[in-house]
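# Overview (structure and organization)
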Amino acid sequence: MPASIKDKIVICVAQFDVKMFDRAHNLQKMTALACQAKKEYRPDLLIFPECANCGYNFRSKEDVAAVSEPRDGYTVSYLRTLAMDLGCGLVFGFVERCG
């Protein structure tokens, strides 16, 4: 078997109480959960809830606009660095700003 092919992968799913509109708190919580998962389970892939960085229960288009970010924005950059530091893939959804 080639060295680049694994015979199994470890996937973890993280769940937590997301604070609406509090990106700093949510990213801190995601970081703590990712570090805990890496220590306990050594996952190849860690999956977070959709909109884990900002919450999901929007009341208006303005709420959505307030948390939207470009694809190369802070959340993606932060979590990309975290994934590289931990050596595992992270799956997360975020509100992408278009245009």
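Details of the structure are given in the entry above.
Read on for a plain summary of the structure.

The rules we used
Residues numbered from 1 in each chain as written. Predicted model: local features only at pLDDT ≥ 70, side-chain atom pairs only at ≥ 80, totals over all residues. Heavy atoms only, no water. Pairing = 2+ DSSP bridges. Helix = DSSP H or I, 4+ residues; strand = E, 2+ residues; numbered from the N terminus. Axes fitted to C-alpha atoms, helices over the stretch in contact; angles between N-to-C directions. Phe/Tyr/Trp six-rings, centres within 6.5 Å; stacked < 30°, edge-to-face > 60°. Buried < 20%, exposed > 50% of the residue type's maximum accessible area, 1.4 Å probe, protein only. Disulfide = S-S within 2.5 Å. Core = buried A, V, L, I, M, F, W, Y, C linked by side-chain atoms within 4.5 Å. Contact = heavy atoms within 4.5 Å. Salt bridge = Lys/Arg side-chain N within 4 Å of Asp/Glu carboxyl O.

Attention now goes to the sheet that holds strand β2 (residues 45-47). Spatially, the 3 strands line up as an open sheet ordered β1-β2-β3, and their pairing is parallel. The open sheet has two free edges, formed respectively by β1 (11-13) and β3 (89-91), since each of these has just one partner strand. Across the sheet, the axes of successive neighbouring strands diverge by a mean angle of 20°, strand direction being ignored.

A few words now on the packing of aromatic side chains. Following the criterion strictly, the structure yields 3 aromatic pairs and no others. Arranged with centres 6.5 Å apart and planes meeting at 45°, the rings of Tyr56 and Phe58 form a pair that is tilted. We classify Phe58 as partly exposed; its relative accessible area is 25%. For the pair Phe92 and Phe94, a centre-to-centre distance of 6.2 Å together with 40° between the ring planes defines the contact as tilted. The class of Phe92 is partly exposed, set by a relative accessible area of 23%.

This next bit is on the state of the cysteines. For the coordinates displayed, the defined rule picks out 0 disulfides. We note that Cys12 lacks a disulfide partner, and the nearest cysteine sulfur, in Cys88, lies 8.3 Å from it. Counting only cysteine sulfurs, Cys51 is the nearest neighbor of Cys98, a cysteine outside any disulfide, at a range of 13 Å.

Met30, Leu46, Phe48 and Leu90 are the most contacted members of the largest nonpolar core, which has 17 residues in total. Elements supplying a minimum of two residues to this core: α1 (23-41) and α3 (74-86). When sequence neighbours within four positions are dropped, the list of residues in contact with Leu46 reads Cys12, Val13, Ala14, Ala34, Ala37, Gly89, Leu90 and Val91.

The next point concerns the pattern of salt bridges. Taken as a whole and assessed by the stated rule, the structure comprises 2 salt bridges. The residue Glu69 makes a salt bridge to Arg23 at a minimum N-O spacing of 3.5 Å. Residue Glu69 is found in the loop between α2 (61-67) and α3, and its partner Arg23 is found in helix α1; the two are separated by 46 residues along the sequence. The class of Arg23 is partly exposed, set by a relative accessible area of 34%. Between Arg71 and Glu96 there is a salt bridge, with its nearest N and O atoms 3.1 Å apart. Residue Arg71 is found in the loop between α2 and α3, and its partner Glu96 is found in the segment after β3; the two are separated by 25 residues along the sequence. For Glu96, a relative accessible area of 34% puts it in the partly exposed group.

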